[in-house]
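# Tertiary structure, described
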Amino acid sequence: MADSAQAQELVYLVTGGCGFLGEHVVRMLLQREPRLRELRVFDLHLGPWLEELQTGPVQVTAIQGDVTQAHEVTAAVAGAHVVIHTAGLVDVFGRASSETIHEVNVQGTQNVIEACVQTGTQFLVYTSSMEVVGPNIKGHPFYRGNEDTPYEAAHRHPYPRSKALAEQLVLEANGRKVHGGLPLVTCALRPTGIYGEGHQIMRDIYYQGQRLGGRLFRAIPASVEHGRVYVGNVAWMHVLVARELQQQAALLGGQVYFCYDSSPYKSYEDFNMEILGPCGLRLVGARPLLPYWLLMFLALLNALLQWLLRPLLLYAPLLNPYTLAMANTTFTVSTNKAQRHFGYEPLFSWEDSRNRTIRWVRAMDGSAP
Ligand SMILES: NC(=O)C1=CN([C@@H]2O[C@H](COP(=O)(O)OP(=O)(O)OC[C@H]3O[C@@H](n4cnc5c(N)ncnc54)[C@H](O)[C@@H]3O)[C@@H](O)[C@H]2O)C=CC1
Ligand SMILES: C[C@@H](CO)CCC[C@@H](C)[C@H]1CC[C@H]2[C@@H]3[C@H](O)CC4=CC(=O)CC[C@]4(C)[C@H]3CC[C@]12C
């Protein structure tokens with residue numbers, strides 16, 4: 001769809017544009033994509049912040065819609081040059097059924113692809129996840145791996161399964177002819193655990209620490225490394241890859257890229273303390289206070305309680321067998337593929353990313369539910 005005559009007149013659509021990552025992508029596009037004419041923000045739930053956006057000359061169109069509804073997706077995609085598909089059901093806590101996760105993440109992605117094909121939209125960036133690779137169900141470590149590192153990706157949980165299937169659909173769609181005859185150009189970005197302003201789990205852990213008198217208790221050995229990446233850098237990578245997909249379709253089309261920056265390799269808990277420590281929390285214990293078998297017992301108990309209570313209420317604590325396995329398995333990436341292919345350099349240093357997140361946590365002080 002985009003040709004050189006239209007270069008200053010691009011229409012972007014961000015699905016899931018009111019989510020944690022989506023909001024950062026929307027703000028980043030407004031700041032850093034000078035060729036933007038219209039920005040469509042598509043989400044099941046529209047955020048009130050959209051009303052207060054400084055949009056400059058760009059027309060921002062808020063679209064309340066559901067990716068599982070093909071006709072709503074097609075209407076939103078029609079006339080867009082680029083789609084950044086971040087919408088998804090991020091659930092590893094058993095809040096939604098596996099059918100719902102599949103419907104949103106897999107069928108929703110299929111709907112986005114078909115909408116591009118039908119309406120002639122040529123460029124599609126998909127927000128995948130490190131989880132399409134691992135950690136796998138066997139708990140094999142993935143230590144400083146890259147996009148080509150061999151790893152046995154085997155999933156049982158509905159979330160990683162759905163992300164892997166959706167990513168496959170997106171990559172297979174690369175090269176399909178869209179309406180008008182041009183080829184669809186797609187790629188997938190795989191963030192590791194994202195942190196930053198608006199991160200719900202960081203917020204929950206902060207409140208939990210406050211309730212426990214300013215303490216958190218170590219449950220994971222400090223030696224288990226967990227990959228983390230700052231949301232501003234993930235958003236920047238989306239903006240950059242969407243731009244370069246239009247310039248270098250042959251190189252970028254059909255590719256996957258891990259999202260990375262200079263955030264340090266640490267355990268999940270030690271990393272969180274980089275943020276939560278300066279906000280007044282303390283991590284108690286140099287080693288896990290409970291043995292692994294006892295934690296697994298508690299995680300299984302939580303799973304049983306969730307199942308028993310389901311007819312009455314939704315019990316979805318952070319600790320379950322899946323999240324415990326995730327937190328207990330080393331998964332870190334070390335790659336420069338995005339730099340080599342489309343010139344990505346993190347926009348935010350580690351210090352900046354950390355300070356911004358700390359400022360955000362401090363701003364919620366005293367507002368614990
Ligand atoms: N949070 C993380 O650490 C990571 C997230 N990701 C991926 O990044 C993407 C964004 O995740 P987050 O921002 O963390 O999650 P989020 O839950 O904050 O954002 C997802 C957005 O999608 C919207 N959405 C959900 N179902 C929808 C539907 N049926 N139709 C339209 N919109 C719908 C939600 O309303 C929400 O605004 C997801 O695709 C997720 O799989 C990947 C790696 C790590
Ligand atoms: C056992 C607890 C003791 O403190 C800690 C539990 C932590 C877990 C809630 C998190 C550990 C790893 C996280 C996941 C990981 O960062 C990768 C992810 C990628 C995604 O695409 C979505 C989010 C997540 C699954 C993330 C979710 C929270 C953890 C399981």
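Bear in mind the structure is a predicted one, so any value in this text is a computation, not a measurement.

Conventions we followed
- Residues numbered from 1 in each chain as written.
- Chains lettered and ligands numbered in written order.
- Predicted model: local features only at pLDDT ≥ 70, side-chain atom pairs only at ≥ 80, totals over all residues.
- Heavy atoms only, no water.
- UniProt positions renumbered as here; feature names shortened; annotations may be inferred.
- Helix = DSSP H or I, 4+ residues; strand = E, 2+ residues; numbered from the N terminus.
- Axes fitted to C-alpha atoms, helices over the stretch in contact; angles between N-to-C directions.
- Parallel < 35°, antiparallel > 145°, perpendicular 65-115°, else oblique.
- Contact = heavy atoms within 4.5 Å.
- Nonpolar A, V, L, I, M, F, W, Y, C, P; charged D, E, K, R; others polar.
- Near = heavy atom within 4 Å.
- Polar contact = N/O pair within 3.5 Å; in protein donor to acceptor, adjacent residues only side chain to side chain.
- Areas by Shrake-Rupley, 256 points an atom, 1.4 Å probe, with all protein chains shown as cover.
- Buried < 20%, exposed > 50% of the residue type's maximum accessible area, 1.4 Å probe, protein only.
- Pairing = 2+ DSSP bridges.
- Right-handed = clockwise from strand over helix to strand, strands pointing away.
- Disulfide = S-S within 2.5 Å.

Mapped onto this numbering, the UniProt entry annotates "domain: 3-beta hydroxysteroid dehydrogenase/isomerase" (unreviewed entry) at residues 13-283. The distance separating the terminal C-alpha atoms of residues 13-283 is 42 Å; by composition the span is 37% helix and 20% strand.

Across the interface, helix α8 (residues 268-276) lies against helix α12 (residues 350-363) with an axial gap of 8 Å and an inter-helix angle of 70°. Judged by the inter-axis angle, α8 sits roughly perpendicular to α12. In this structure, α8 uses Phe271, Glu274, Ile275 and Leu276 to contact α12, whose residues at the interface are Trp350, Arg354, Thr357, Ile358 and Val361. Here the contact of α8 with α12 is composed, by residue class, of six nonpolar, one polar and two charged.

Close to ligand 1 lie 25 residues, the nearest being Leu21, Asp43, Asp66, Tyr159 and Lys163. Note that a nitrogen atom of ligand 1 is positioned 3.3 Å from one of the backbone N or O atoms of Leu44. In isolation ligand 1 exposes 820 Å². Once the protein is present, 86% of that is buried. A breakdown of the residues in the shell around ligand 1 according to their chemical character gives eleven nonpolar, eleven polar and three charged.

Among the five residues that make up strand β11 (residues 255-259), four are buried, leaving the element largely enclosed by the rest of the structure. As defined by bridge partners, strand β7 (residues 185-191) adjoins β11 across five bridges and the pair is classed as parallel. Counted as the bridge partner of Cys187 is Gln255 from β11.

This part is about the sheet that holds β7. What the seven strands build is an open sheet, ordered β3-β2-β1-β4-β5-β7-β11; its pairing is parallel. The sheet is open, and its two edges are formed by β3 (59-64) and β11, each paired on a single side. Within the sheet, the average angular offset between the axes of one strand and its neighbour, ignoring direction, is 15°. Note: strand β5 (residues 123-127) against β7, five bridges, orientation parallel. Paired with Tyr126 across the strands is Ala188, a residue of β7. Running at roughly 170° to strand β2 (residues 36-43), helix α1 (residues 20-32) makes contact with β1 (10-15), β2, β3, β4 (82-85) and β5 of the sheet. Its contacts with the sheet put helix α4 (residues 158-173) on β5, β7 and β11, and the angle it makes with β7 is roughly 150°.

Among the eight residues of β2, seven are classified as buried, and the element is accordingly described as predominantly covered. Relative to β2, β1 runs parallel, the two being bridged by six bridges. Pairing of Thr15 across the sheet is with Phe42, part of β2. Between the parallel elements β1 and β2, the chain passes through α1 in a crossover that is right-handed.

Another point: the site of ligand 2. By nearness alone, 16 residues border ligand 2, and Ser129, Glu131, Tyr159, His226 and Glu269 come closest of all. Separating an oxygen atom of ligand 2 from a side-chain N or O atom of Tyr159 is a distance of 2.6 Å. Compared with its free state, where it exposes 630 Å², ligand 2 has 87% of that area covered by protein. Elements with a minimum of two residues in the shell around ligand 2: α8 and α10 (321-327). A per-element tally of the shell around ligand 2 places α10 first, with three residues. Classifying every residue of the shell around ligand 2 gives ten nonpolar, four polar and two charged.

Bringing the environment of Thr121 into the picture now. Tracing the backbone shows Thr121 in the loop between α3 (98-119) and β5. C-alpha of Thr121 to C-alpha of Gly79: the two residues are 42 residues apart in sequence and 7.0 Å apart in space. Within polar-contact distance, the side chain of Thr121 engages the backbone oxygen of Val77 at 3.5 Å. Polar side-chain contacts of Thr121 include one of 2.8 Å to the backbone oxygen of Ala80.

Before going further, it helps to spend a moment on the state of the cysteines. For the structure shown, the criterion picks out zero disulfides. Take Cys116: it sits in no disulfide, and the sulfur closest to it among the cysteines is that of Cys187, at 12 Å. Residue classification places Cys116 among the buried residues on the basis of a relative accessible area of 0%.

To continue, consider the UniProt feature "transmembrane region" (unreviewed entry) in the protein. Here the UniProt-annotated "transmembrane region" (unreviewed entry) positions come out as residues 290-309. Regarding residues 290-309, the helix share stands at 90% and the strand share at 0%, and the terminal C-alpha atoms are separated by 26 Å.

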